[in-house]
Amino acid sequence: MGLKKKYYFLNITIILICLVTLVLLSILCAQNLNLHTLILTNGGDEWAFHGSLSRIHKGIVNQDLRLFFGTGFFNYGYLYFFFNYALSSIFFFLNTIEFTILVPRLISTVSAIISLVFLYKIFINNQPKKNAPLVLLLIISMPAFWINAIIFHPDWLFVCMLIISIYYLNLDDFKISKNYWIAIIFFSIAFSIKIQVIIFFPILLIYQIIANKLNFIKGIKIILFSFFIIFVFRLITNPYLLHPEGFNAFIIGFKADMVSNKTNHGQGGTISIFNKIEMIHNNYFNFIIIFIACITSLYSVLNLFKSNNQKLTSILALNFLLALIYLLFFVNKSWQHYYLGVILLAIINLENFIFSYLKQYYTLLFSLLILSQSLNYTVYSTLVKNVFKSDDDIIPFRNIPVLLEKKVSPKSHILIVGEASFNFEQLGLSYDNIHLVYGPLNSGYFDKTSQLASTYHNFGFVEKDFIILSKLNKSENLINEELAMLKLNYTLLNNEKAFMIFKRNN
């Protein structure tokens, strides 16, 4: 009876942790639901993704399959956008913009909580239940846990599917039973949400090699069939890829992603390894925990080749190290969300390592690790605050509606260059009237034959009637380069401290 009572309170503790986290995340999600503030939110990603849902909606209303399937982000996966639209569609029909922004954020929130639940299930499947709450608290202590759980972005959803897949692989225990195929299904869903899942393919490959080491031919067949399921599922859930236009858009987008990995998304310069490690320090764990995670993962990898008792956690540790090496040395970006799933693999291994070799100090060590996260306290509020932008952040641009009041019409198109936003709803404009430059401005935005001429929410070329050029966080040389591109076809209307407004020459 005492043991049952003990586990009862433990279960209540887990439920309370998840429930309190869910409530806090939901409150954060409900902040700043104005459409115009999305332009500055999370680098403009929420703005662009909102356009993808809007296109699906217009495709239904106008019975246009090209709009319905043409989300503009073919490397993320149509499944992700359709799932978000399906849950928020009622609000698109009711034209309640705030809820069309809120629902996708809540999907990220729920995905993060479900991930916690399945991580807990992974932990208690291998270790005593009493240890798991501390590991969950360590995960929750990561700033990136919160940041990615309160924005409209696919990272927590695909990571959630990946964690569930790992959970079923753990249950399978190298037997290739029904649990293995359930794991393949969830891995397929993850891959259909975001192509980044490809960096976790070694988990399945190494798992199969170990599971079928005595039967090479059988192993090859299962590996090929598993990856066949994964790729076919992505194809089925992205039917636009079957059309030449959709397939071409996917190839162009994939090539652009590979180029952006080298060019820092067109910003130029080289992001040093130290800068990336500093980003991990600020968004995930401090240097102490990063070092411990790497050392314990390396030990687990060595154990994978030495021990006859093969463990899934050793495979996860190997994938963590491979993915970390790839992101640190071969991706010229320091975007924190790229590391979300990778860091969770390290945590699974770290938890297993401490229990396996230092279980008498388990509670003490995890308590110290959580306490050491307090070193990151100063960045928590700053990082989460910077995720969302409010009307206070558009103060430098608050005069734009006044300056354009008698110059724009409901058919006007405005291109925003740089970090700028304004309340365009005041001018009677909608989402479709506003276009953003992602990365540096180039002539492609004014070239009818360029891929950039068609922004994320429009097919075909759209003439930009007005250009708003932000001066914030830009060098004088960069501003001069942008001015040189505009002066041939646009006339300067206003030159303010934070921005310039240009009008297209008739």
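In what follows, the structure referred to is the one given above.
Residues numbered from 1 in each chain as written. Predicted model: local features only at pLDDT ≥ 70, side-chain atom pairs only at ≥ 80, totals over all residues. Heavy atoms only, no water.

Undergrad: Would you mind showing me how to read unusual backbone geometry here?
TA: For residues other than glycine, phi is negative in most cases, and the peptide bonds are mostly trans. One non-glycine residue, Asn-32, lies in the positive phi region at around 50 degrees. Position of Asn-32 relative to the elements: it lies in the loop between α1 (2-29) and α2 (45-61). (Helix = DSSP H or I, 4+ residues; strand = E, 2+ residues; numbered from the N terminus.)

Undergrad: Honestly, the environment of Ile-176 in this entry has me stumped. Any pointers?
TA: Of note, Ile-176 is situated in the loop between α8 (155-172) and α9 (178-193). Looking at Ile-176, the relative accessible area reads 17%, which means it is buried. As a C-alpha pair, Ile-176 and Gln-208 span 32 residues in sequence and 8.5 Å in three-dimensional space. Not counting chain neighbours up to four residues away, the residues in contact with Ile-176 comprise Trp-181, Tyr-207, Gln-208, Ala-211, Asn-212 and Ile-222. (Buried < 20%, exposed > 50% of the residue type's maximum accessible area, 1.4 Å probe, protein only. Contact = heavy atoms within 4.5 Å.)

Undergrad: What's the story with the sheet that holds strand β3 (residues 466-470) in this structure? I'm lost.
TA: Within a beta sheet, neighbouring strands are joined by backbone hydrogen bonds and run either parallel or antiparallel to one another. A sheet is described by the order of its strands in space; here five strands give the open sequence β2-β1-β3-β5-β4, paired in mixed fashion. Each edge of the open sheet carries a strand with a single partner, namely β2 (434-436) and β4 (490-495). In this sheet, adjacent strand axes meet at a mean angle of 25 degrees when their direction is disregarded. Note: β4 against strand β5 (residues 499-504), five bridges, orientation antiparallel. Each residue of the ladder has a partner; that of Asn-494, found in β5, is Ile-501. Along the sheet face, helix α20 (residues 476-486) touches β1 (414-417), β3, β4 and β5 and points at about 170 degrees away from the line of β3. (Pairing = 2+ DSSP bridges. Axes fitted to C-alpha atoms, helices over the stretch in contact; angles between N-to-C directions.)

Undergrad: Looking at this structure, how should I read the side chain of Lys-333?
TA: Within the fold, Lys-333 resides in the loop between α15 (312-330) and α16 (340-358). Residue class for Lys-333 comes out buried when judged on its relative accessible area of 2%. In this structure the side chain of Lys-333 is engaged in a polar contact, spanning 3.0 Å, whose partner is the side chain of Tyr-338. (Polar contact = N/O pair within 3.5 Å; in protein donor to acceptor, adjacent residues only side chain to side chain.)

Undergrad: It is not clear to me how the pairing of β3 should be interpreted in this structure. Could you clarify?
TA: In summary, the side chains of a regular strand alternate between the two faces of the sheet. Among the five residues in β3, five count as buried, and that is most of the element. Here β3 shows a buried face lined by Phe-466, Ile-468 and Ser-470 and a second buried face lined by Ile-467 and Leu-469. The pairing of β1 with β3 spans four bridges and is classified as parallel. Opposite Leu-415, over in β3, you have Ile-467 as the bridge partner. Judged from the five bridges that link them, β3 and β5 form a sheet pairing that is antiparallel. Residue pairing for β5: Ser-470 is matched across the bridge by Phe-499.

Undergrad: Sorry, what's going on with the packing of α8 against helix α10 (residues 201-211) here?
TA: Describing two packed helices takes the angle between their axes plus the distance from one axis to the other. Orientation of α8 relative to α10, taken along the N-to-C sense of each, is 10 degrees, at an axis distance of 12 Å. Considering the angle they form, α8 stands roughly parallel to α10. Counting all contacts with α8, which are made through Ile-166, Leu-169 and Asp-172, the residues of α10 involved are Ile-203, Leu-204 and Tyr-207. Among the residues forming the contact of α8 with α10, the class breakdown is five nonpolar, no polar and one charged. (Parallel < 35°, antiparallel > 145°, perpendicular 65-115°, else oblique. Nonpolar A, V, L, I, M, F, W, Y, C, P; charged D, E, K, R; others polar.)

In short, shape yes, function no, at least from these values alone.
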